[in-house]
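An overview of the molecular structure
The lines below spell out each chain.
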Amino acid sequence: MIPILMYHQIGEPNPRGTPYRGLTVHPRDFRRQMGWLRLLGYRGLSMAQLMPYLRGEKQGKVFGITFDDGYQNVLDHAVPVLEACGFHATNYFVVRQLGGSNLWDQAEGVPTAPLMSAQGLRDWLAAGHEVGSHTLNHPVLPRLSPELAANEIRDSRDALEQLAGAPVRAFCYPYGKYTAALAACAREAGYETATTTARGLARPQDDLFGLPRVAVMRSTLLVRFLQKCLTQLEDRKRRQAEMGGA
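The present account deals with the structure reproduced in this document. (Residues numbered from 1 in each chain as written. Predicted model: local features only at pLDDT ≥ 70, side-chain atom pairs only at ≥ 80, totals over all residues. Heavy atoms only, no water.)

What to know about unusual backbone geometry
Keep this limit in mind: For the purposes of this entry, the term helix denotes a DSSP run of H or I that reaches at least four residues, the term strand denotes a run of E that reaches at least two, and both are numbered from the N terminus. Categorising residues by exposure relies on relative accessible area from a 1.4 Å probe, with only protein chains included: less than 20% of the type maximum marks a residue as buried, more than 50% marks it as exposed, and the intermediate range marks it as partly exposed.
Look at Tyr-20: it is not a glycine, yet its phi comes out positive at around 60°. In this structure, Tyr-20 sits in the loop between β2 (9–10) and β3 (24–25). Its identity is not glycine, yet Tyr-175 carries a phi of approximately 65°, on the positive side. By secondary structure assignment, the location of Tyr-175 is in the loop between β8 (170–172) and α6 (180–188). Classification of Tyr-175 as partly exposed rests on a relative accessible area of 35%.

See below:
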């Protein structure tokens, strides 16, 4: 079983009481997390690099590293740590907010934070990391018509490939919301994987278009982080969720 880590921002967390403050991990904590996994002999991989392990073709001490939304502070603070550890990651970009901010959070009262520009995206790629898609506009896909949802999935890949000059094979459902039809759409659009916000470790028999992840939050202390990655904790939570939904 493979942990696929889910991060959002790497920076100074917003003041207490701020909505979704927990989605920002302090750079110091991120450095410790990556450093400990490296010390324990694990390799951090992008979703593309993780594919042989997800298919059961290879085995090893590996984990996936993903970032949602394409925040500038990930480029500033996470890339040097990843480089020092020899790790690689996937960042899921929102195409029409490149160089913008997290506008989709405004209604929740979340402070705006800058996202990478098109040049930042290319800098991310040049640093050896993978560009993935998080749609054109970060909508709740199941709420859209099938045609609009397909456009969000397909057109974002086309746009990112033009910007990056490289294949875009990884997709992430905004808010983790998806259906079997949307998973089929992502597959037909040419992606190889699609991640969710469902909790759990990835298994070789999992549908590659409905992969669970391990959420890493501001409050995830180091011991809990290691438990999430290296023990059956997340898989137990996954089984509980599956039984609850049965």
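Let us keep going from here.
As for a nonpolar patch on the surface
Condition: Surface patches are defined over residues having more than 30% relative accessible area and no salt bridge, joining like charges when they lie within 9 Å and nonpolar side chains (Val, Leu, Ile, Met, Phe, Trp, Tyr) when within 5 Å. Throughout, the Shrake-Rupley method with a 1.4 Å probe supplies accessible areas, and for residues the shown protein chains are the sole cover considered. What counts as a salt bridge is simple: a side-chain nitrogen of Lys or Arg found within 4 Å of a carboxyl oxygen of Asp or Glu.
A cluster of nonpolar side chains, Trp-36, Leu-39, Leu-40 and Leu-230, forms an exposed patch at the surface whose accessible area comes to about 370 Å². For Leu-39, a relative accessible area of 65% translates into the label exposed.

Comments concerning the pairing of strand β5 (residues 62–69)
Note the following rule: Strand pairing is assigned whenever DSSP detects at least two bridges linking the two strands. The handedness of a crossover follows from its direction of travel: if, with the strands pointing away from the viewer, the path from the first strand over the helix to the second runs clockwise, the crossover is right-handed.
For β5, the tally of buried residues reaches eight of eight residues, placing the bulk of the element in the interior. Two elements, strand β1 (residues 4–7) and β5, share four bridges in a ladder whose sense is parallel. Counterpart to Tyr-7 in the pairing with β5 is Phe-67. Note: strand β4 (residues 43–45) against β5, three bridges, orientation parallel. The residue bridging Gly-44 from the neighbouring strand is Phe-63, located in β5. A crossover connection joins β4 to the parallel β5 through helix α2 (residues 47–54); in handedness this β-α-β unit is right-handed. Summarising the sheet, β5 and strand β6 (residues 90–93) pair through four bridges and their orientation is parallel. Across the sheet, residue Asp-68 finds its bridge partner in β6, namely Tyr-92. Remark: the β5/helix α3 (residues 72–85)/β6 crossover connection has right-handed handedness.

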